[in-house]
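# Examining the three-dimensional arrangement
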Amino acid sequence: MSTNQVKRAFKYRFYPTDAQAAELSRTFGCVRKVYNLALAARTEAWARQERVNYSQTSAMLTEWKKTEELSYLSEVSSVPLQQGLRHLQGAFASFFAKRGKYPRFKSRKKSRKSAEYSSSAFRYRDGRLTLAKMSDPLDIVWSRPIPDGASPSTVTVSQDAAGRWFVSMLCDDRPTMPEPVNAAVGIDAGITSLVTLSTGEKITNPKFERKDRARLAKAQRNLSRKAKGDGVNRVKARRKVAKVHARIADRRRDFLHKLTTRLVRENQTIVIEDLTVRNMVKNHSLARAISDASWTEMRSMLEYKAGWYGREVIAVDRWFPSSKLCSTCGTLQSKMPLNVRTWTCDCGTTHDRDVNAAKNILAAGLAVSVCGAGVRPQRSSPGGQPATKQKTPRREP
């Protein structure tokens, strides 16, 4: 069982009053405005071979509030505005460290509507959350309790494209999990079967996007008939499309959470493939199915949950020939087309393609776990291409 303390986000839906919705909408707009102004100032300074840091943009914010044009920035809480400047500072830090691209300006229509409040800008008492500039607490649907005795360090309020309101509270937690049943398991990701385990179990891909494809197409056709602009009818049509997308995403995320929690609960070590989904979706015949499978999100969930509960996730190199390698004798087949689902090795063993791949992935991952991440076997050897051990960073859901 793990007793490590981690930062964990607890997300809930809430229903604001008209006054609260108006206040939050103003706050979202002001956060976006300040972010864009600061980004423009830093970009101009960058062109002059100068750097502007967070403290300087914070001083700029004070001066902006004194102008007649931007005086409305003083009407909302200053904390979300300062947090927006901190996020911009983090984006520039990632850019300079070559971990991300140059920050982009936030769009009124396309950017995420959110505002972050630190502990000085909200009050949480007896299960009631009240934000700055508001007299009444938010009407939150407490779908699950936060840890006993925990108090949120930050609160993030957001509104999605479907018009739903959410509040995410970051708390300290010590998540626990029973001792694992199995020492290790290998996982082969697929489309028909979302995952195939080295134990032989196959978990069917629910294909949520395909189930709602007709409903989504109808909503998109209705949107395409509306004149472009900010007309009420087009806004309503766009909202309907967003609701269908939200339904698909919610059902997929719920399924992946249940699946990854089960895998982490039952296994101490989980071995997966280091798939390059970004390149795989360039195959237009498979792009839609690959996106619906959401392998990247599943891996992300496995990694941060493993970090919470003291488990281990190992990613095998993407070039490891797991499907063409016989898990019994180690013979490497020269070809293995995608339409071949079962095959018989020269040693006489008949393999299910996916189960065999999962067994090989498990063997390669365990070899790296024992011998170290620096081990890089030859591609043509029974061990296949090298497997690389990945860290499991702590992340919030």
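The shown structure was predicted, so the numbers you read here are calculated from the model rather than taken from an experiment. (Residues numbered from 1 in each chain as written. Predicted model: local features only at pLDDT ≥ 70, side-chain atom pairs only at ≥ 80, totals over all residues. Heavy atoms only, no water.)

## Comments concerning helix H9 (residues 295-309)
Its 15 residues give H9 an end-to-end C-alpha distance of 21 Å, which sits within 8% of 21 Å, the value for a rise of 1.5 Å per residue. Most of H9 is tucked away: 13 of the 15 residues are buried. Positioned one or two residues after H9, Gly310 has a phi angle of 70°, which is positive. (Helix = DSSP H or I, 4+ residues; strand = E, 2+ residues; numbered from the N terminus. Expected span 1.5 Å × (residues − 1). Buried < 20%, exposed > 50% of the residue type's maximum accessible area, 1.4 Å probe, protein only.)

## Description of the packing of aromatic side chains
Two aromatic rings, taken as a pair, are described by how far apart their centres are and by the angle between their planes. A complete count under the given rule lists 13 aromatic pairs for this structure. Here Phe28 and Trp165 contribute two aromatic rings whose centre-to-centre distance is 5.9 Å and whose plane-to-plane angle is 25°, an arrangement assigned as stacked. Separated by 137 residues along the polypeptide, Phe28 in helix H1 (residues 18-47) and Trp165 in strand S7 (residues 165-173) bring together distant segments of the chain. The class of Phe28 is buried, set by a relative accessible area of 5%. Note on Phe92 and Tyr102: the rings are 5.3 Å apart at their centroids and 90° apart in plane angle, and the pair reads as edge-to-face. (Phe/Tyr/Trp six-rings, centres within 6.5 Å; stacked < 30°, edge-to-face > 60°.)

## Here we look at the pairing of strand S9 (residues 193-197)
Summarising burial for S9: 5 of the 5 residues are buried, a large majority. Strand direction decides the pairing type here: strand S8 (residues 182-189) and S9, joined by 3 bridges, are antiparallel. The residue of S9 that forms the bridge with Ala189 is Val195. Here S8 hands over to S9 after 3 residues, the two strands then running antiparallel side by side. Between S9 and strand S10 (residues 202-204), which pair antiparallel and follow one another directly, the connecting turn spans 4 residues, one of which, Gly200, has a positive phi of 100°. (Pairing = 2+ DSSP bridges.)

## Concerning the UniProt feature "domain: Probable transposase IS891/IS1136/IS1341" (unreviewed entry) in the protein chain
The sites that UniProt annotates as "domain: Probable transposase IS891/IS1136/IS1341" (unreviewed entry) are residues 174-283. Here residues 174-283 is 50% helix and 21% strand, with 42 Å between the C-alpha atoms at its ends. (UniProt positions renumbered as here; feature names shortened; annotations may be inferred.)

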